[in-house]
Amino acid sequence: MDFHETDTVVLGLGAMGSAALYHLALRGVPALGIEQFRLGHDRGSTHGPSRVFRPFYVNPLYVEMARAAQAQWQELERRARTPLLRLCGQLVMARPDNAQFQASLKALREVREDHDLPTREQVARQFPMMRLPPDSVACWVPGAGFLEPEQALSVLVSEARKAGADAWDAQRVTGLDAQGGRLEITTPDRRILCQRLICTGGSWTASLLPDLQLDLKVTRQQKFHFRSADVADLHPDQVPVYTDYDLNYYGFPVWRGILNVADDNWGDFTDPDEVDRNPDAETRARLQDWVEALFPNRGWQHVHTETCLYTNTPDDDFIIDRHPEVPNVIIGAGFSGHGFKFTPLIGELLVQLALGETPSLDIRALGLQPERKLSLKS
């Protein structure tokens, strides 16, 4: 069995793990990232053509986090000389009595995030290709847009390696033990010793840290790709990302020839190792009806269904904290559904915790405190 020793190991090189490895490398910390599948795989949460970037949130903390993440995405773009974040804006629609919509408006006002409340007539003038649902009102958020997850992860790992980090893939962890202040990680053919561990295992986090008995629910989510011959006016310089808060559906401009839409309601619970990836015909039909109502008379044709996983906490908030009994283990979990937009920021926060620094944002509310009831441990 091969032996390797380093300062910090990152378990899981999805979005947050790749970002943590990147920030460790920029700081000159000897670091190793370990991924159980091939880098860039489609088995978890971070693949496909697009993910929403938005500051439209009920919780003001996430509005502030979006601001901080935007600056980090733009810094990564400059460093890698690669465009990643496309700020085409977001149009949010809902009935006036939608509580989540109204609470999000309150949070935007509290944090002074730029937004507008256009009338239906103003929306029709700005986006003549779109048809709002009946009786809905709208919020326009210019500081929103979308990211390409696969390209972003490739850039993060590439930049981490350039700065001196190691990244191993196809290495499934079979053991994790604390030994006299150090940590030992084993895979089928390797043994690794480190001073610190950042655990970003996505849907496998609970199984990597079984002692915590984290109550993480993994759900199967599907995104549907449609194509039309008539899309000349549906590109990012003409159409924003768009979200229906009554149905909890969202979608993107046409990008690389595809219109990508999804149902953000929780899907079926699943084992991350045994996911049914067959397209859900009923959900696809509902999403296609929604697309045809928003962008009518386009002749939309379904071309592909993408399956990914959400890893949800009981309160839908993230977990960013130290292990309560092994303080040199840092946990980042429960990001699915709305975490990707914060990727470089969360990577930095995890590294700050690992190095014993005060996080750059007050994230105490995202900790493992008992009142959140994140653990089944008695």
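Quick summary incoming for the structure in this document. Values in this document were obtained by computation on a predicted structure and should not be read as measured data.

### Side note on the sheet that holds strand β8 (residues 145-147)
Read across the sheet, three strands follow the order β4-β8-β5 without closing on themselves; strand pairing throughout is antiparallel. Two strands bound the open sheet, and with one partner strand each, they are β4 (51-53) and β5 (85-86). Examined bridge by bridge, β4 and β8 share three bridges and lie antiparallel to one another. Residue pairing in the sheet places Val52 in a bridge with Phe146 of β8. With respect to the sheet, helix α2 (residues 60-80) is in contact with β4, β5 and β8, its orientation differing from that of β4 by roughly 115 degrees.

### With respect to empty space enclosed by the protein
In this approach, a probe sized like a water molecule rolls over the atoms, and the result shows the empty space that is left. For the structure shown, the criterion picks out one cavity of 30 Å³ or more. Of the pockets and cavities examined, the largest cavity occupies roughly 30 Å³. Pro49, Ser50, Phe252, Pro253, Trp255, Ile258 and Asn260 are the residues that line the largest cavity. In terms of residue class, the lining of the largest cavity is made up of five nonpolar, two polar and no charged.

### Concerning the side chain of Asn98
Along the chain, Asn98 falls in the loop between β6 (90-94) and α3 (99-111). The class of Asn98 is buried, set by a relative accessible area of 11%. At 3.0 Å, the side chain of Asn98 forms a polar contact with the backbone oxygen of Tyr245. Setting aside residues up to four positions removed in sequence, Asn98 forms contacts with Tyr245 and Asp246.

### Regarding the packing of aromatic side chains
For any two aromatic rings, the description comes down to two numbers: the centre-to-centre distance and the angle of the planes. By the definition in use, this model includes 18 aromatic pairs. Arranged with centres 5.8 Å apart and planes meeting at 40 degrees, the rings of Tyr57 and Phe342 form a pair that is tilted. Of this pair, Tyr57 sits in the loop between β4 and α2 while Phe342 sits in the loop between β20 (329-333) and α8 (343-354); the two residues are 285 residues apart in sequence, bridging distant segments of the chain. The two residues Tyr57 and Phe342 agree in class, both being buried. Note on Phe318 and Phe342: the rings are 5.7 Å apart at their centroids and 70 degrees apart in plane angle, and the pair reads as edge-to-face. With Phe318 in the loop between β18 (301-312) and β19 (319-322) and Phe342 in the loop between β20 and α8, the pair connects residues that are 24 residues apart, well separated along the chain. Residue class for Phe342 comes out buried when judged on its relative accessible area of 0%. A connected cluster of aromatic rings, assembled from ring pairs, spans Tyr57, Tyr62, Phe318, Phe335 and Phe342.

### A look at the side chain of Glu306
Here Glu306 shows up in strand β18. A polar contact is formed between the side chain of Glu306 and the side chain of His225, at a distance of 3.3 Å. If we skip the residues at most four places from it in the chain, Glu306 touches His47, Gly48, Pro49, Arg51, Gln221, Gln222, Lys223 and His225.

### Notes on the nonpolar core
If you look at the biggest cluster of nonpolar residues, it comprises 63 residues, and the most contacted ones within it are Met65, Trp73 and Ile320. Contributions of two or more residues to this core are made by α1 (15-26), α2, β6, α3, β7 (137-141), α5 (149-162) and α8. The element best represented in this core is α2, accounting for nine residues. Apart from the residues lying within four places of it in its own chain, the contact partners of Met65 are Phe318, Phe342, Leu345, Ile346, Leu361 and Leu366. Counting residues in hydrophobic clusters, the runner-up holds 25 residues, among them Val254, Val261, Phe295 and Trp300.

### As for the state of the cysteines
Inspection of every chain in the model, using the stated rule, returns zero disulfides. Between Cys308, a free cysteine, and Cys88, which holds the nearest cysteine sulfur, the sulfur-to-sulfur gap is 19 Å.

Reading the values: the criteria
Throughout this description, residue numbers start from 1 for each chain and increase along the sequence as written. At least 70 in pLDDT is required for a residue's local features to be given in this predicted model, at least 80 for side-chain atom pairs to be given and counted, and no such filter applies to totals for whole chains, interfaces and linings, which use all residues. Derived side-chain values reflect all non-hydrogen atoms in the structure, with water molecules and hydrogen atoms excluded from consideration. For two strands to pair, DSSP has to find at least two bridges joining them. Each helix is a run of H or I in the DSSP string that is no shorter than four residues. Each strand is a run of E no shorter than two, and both are numbered from the N terminus. Throughout, a contact is declared for two residues whenever any of their heavy atoms are within 4.5 Å. All axes here are fitted lines through C-alpha atoms, helices being fitted over the stretch that makes contact, and every angle between N-to-C directions spans 0 to 180 degrees. With a 1 Å grid spanning the protein atoms alone, the term cavity applies to any set of points in which a 1.4 Å probe fits but cannot get out, the term pocket to an open set with protein on both sides within 12 Å along at least five of seven lines, and the term lining residue to any residue with an atom within 4 Å of a point. Grid points are joined across faces, edges and corners, and a volume is the space filled by probe spheres set on the points. For this scheme, ten residues count as nonpolar: Ala, Val, Leu, Ile, Met, Phe, Trp, Tyr, Cys and Pro. Four count as charged, namely Asp, Glu, Lys and Arg, and the remainder, Gly too, count as polar. Note on classification: 1.4 Å probe, protein chains only; a residue is buried when its accessible area is under 20% of the maximum for its type, exposed when over 50%, partly exposed between these limits. Identification of polar contacts relies on pairs of N or O atoms within 3.5 Å, with a donor-acceptor requirement for protein atoms, meaning one able to donate a hydrogen and the other able to accept it, and with residues adjacent in sequence counted only if both atoms are side-chain atoms. Think of it this way: a Phe, Tyr or Trp ring, Trp meaning its six-membered ring, pairs with another when their centres are within 6.5 Å, and the plane angle makes it stacked under 30 degrees, edge-to-face over 60, tilted otherwise. Nonpolar cores were defined as sets of buried Ala, Val, Leu, Ile, Met, Phe, Trp, Tyr and Cys residues, with membership established by side-chain atoms within 4.5 Å. Put simply, a disulfide is two cysteine sulfurs that come within 2.5 Å.

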